[in-house]
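This is what each chain is made of:
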Amino acid sequence: TISYTQTTSSMIMKLSLIFHATILATASAFVPIKHVTTGSVLQKMSSNPSWEDDEVVTLVPKFKIKEGMKEQYSALLPKFVELVKANEIESCVHYGFVGPTEDGFVICREGYSSAEGLIKHLDNVGDVLNEALQYADIVDLMCQGPAEELEKMKEPLKDFGATFYPLAAGAVRTEKN
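Residues numbered from 1 in each chain as written. Predicted model: local features only at pLDDT ≥ 70, side-chain atom pairs only at ≥ 80, totals over all residues. Heavy atoms only, no water.

Chemist: Account for the side chain of Glu88, with residues named and values stated.
Modeler: Secondary-structure assignment places Glu88 in the loop between helix H3 (70–87) and strand E3 (92–98). It turns out Glu88 is buried and unbridged, and the closest side chain with the opposite charge, Lys120, is 7.0 Å from it. Polar side-chain contacts of Glu88 include one of 3.0 Å to the side chain of His121. For Glu88, the contacting residues outside a window of four places in its chain are Leu83, Tyr112, Lys120, His121, Asn124 and Val125. (Helix = DSSP H or I, 4+ residues; strand = E, 2+ residues; numbered from the N terminus. Buried < 20%, exposed > 50% of the residue type's maximum accessible area, 1.4 Å probe, protein only. Lys, Arg positive; Asp, Glu negative; His and termini not counted. Salt bridge = Lys/Arg side-chain N within 4 Å of Asp/Glu carboxyl O. Polar contact = N/O pair within 3.5 Å; in protein donor to acceptor, adjacent residues only side chain to side chain. Contact = heavy atoms within 4.5 Å.)

Chemist: Account for H3, with residues named and values stated.
Modeler: Here H3 is 18 residues long and its end C-alpha atoms lie 27 Å apart, about the 26 Å a rise of 1.5 Å per residue gives. Taken together, the buried positions of H3 are occupied by Tyr73, Leu76, Leu77, Phe80 and Val84. Seen end-on, H3 carries its buried residues on one side only, within an arc spanning 130°. Exposed residues lying more than 90 degrees from the buried face of H3 are Glu71, Glu82, Lys85 and Ala86. Tucked inside the fold, the buried residues of H3 contact strand E2 (57–65), E3, strand E4 (105–112), helix H4 (115–132) and strand E5 (136–145). (Expected span 1.5 Å × (residues − 1). Arc of directions from axis to C-beta.)

Chemist: So what about the sheet that holds E2? Which residues, and what values?
Modeler: Taken in spatial order, the five strands line up as E3-E4-E2-E5-E6 in an open sheet, and their pairing is mixed. Sheet topology places E3 and strand E6 (163–166) at the edges, where each strand pairs with a single neighbour. Within this sheet the neighbouring strands show an average axis-to-axis angle of 15°, counted without direction. Here E2 pairs with E5 via eight bridges, running antiparallel. Residue pairing in the sheet places Lys64 in a bridge with Asp137 of E5. Packed onto the sheet, H3 meets E2, E3, E4 and E5 and runs at close to 165° relative to E3. In the packing of H4 onto the sheet, contacts are made with E2, E3, E4 and E5, and the angle to E4 comes to roughly 150°. (Pairing = 2+ DSSP bridges. Axes fitted to C-alpha atoms, helices over the stretch in contact; angles between N-to-C directions.)

Chemist: Tell me about empty space enclosed by the protein, residues and numbers included.
Modeler: Taken as a whole and assessed by the stated rule, the structure comprises one cavity of 30 Å³ or more. Of the pockets and cavities examined, the largest cavity occupies roughly 140 Å³. Those elements that place two or more of their residues in the lining of the largest cavity are E2, E3, E4, H4 and E5. When residues of the lining of the largest cavity are assigned to their parent elements, the largest contribution, four residues, is made by H4. Counted by class, the lining of the largest cavity contains 14 nonpolar, one polar and one charged residues. (1 Å grid on protein atoms, 1.4 Å probe; cavity = no way out; pocket = protein on both sides within 12 Å on 5 of 7 lines; lining within 4 Å. Points joined across faces, edges and corners; volume = space filled by probe spheres on them. Nonpolar A, V, L, I, M, F, W, Y, C, P; charged D, E, K, R; others polar.)

Chemist: An account of the pairing of E3 is requested, with residue identities and associated values reported.
Modeler: Pairing analysis gives six bridges linking E3 to E4, with the strands arranged antiparallel. Opposite Phe97, over in E4, you have Cys108 as the bridge partner. Counted between consecutive antiparallel strands, the loop separating E3 from E4 contains six residues, among which Gly99 sits at a positive phi close to 105°.

Function-wise, these values are silent; they only describe arrangement.
Given below as structure tokens:
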């Protein structure tokens, strides 16, 4: 059984936590935004991003790992990311992998500021991609973006069976902060 003292002590502790959280929240509301360093979470939360035309070229390759090759294939994923981080800061908008799933699929999510950025990426990761294709097959490849950028990608992606999806008019994204 719970005694009166335990119940009271528990209630006092909860009230104390609520009181301190309220004080902290109230005090943080008065932090001057202009004195916050660039790139901080508080500054980004307080800014008002604007909208711009979406001109990102997105590539979404879906890989199926070959039987018994999961370990070898998965070991290459960090190499892709390292190459992107080392060489594509100006053109890569986002890059990462989903999976592997239980049934052996991996999807790469990647976006670039232009078709030229995506072509640079293909050159950058070409050797690792060729090695990865020993352990997995590309079973689907979608390329999405402005129609004029997709035209530039048809030749470099012709051997991969890519499907091209032009962005509909009016596509937008927030500007980079």
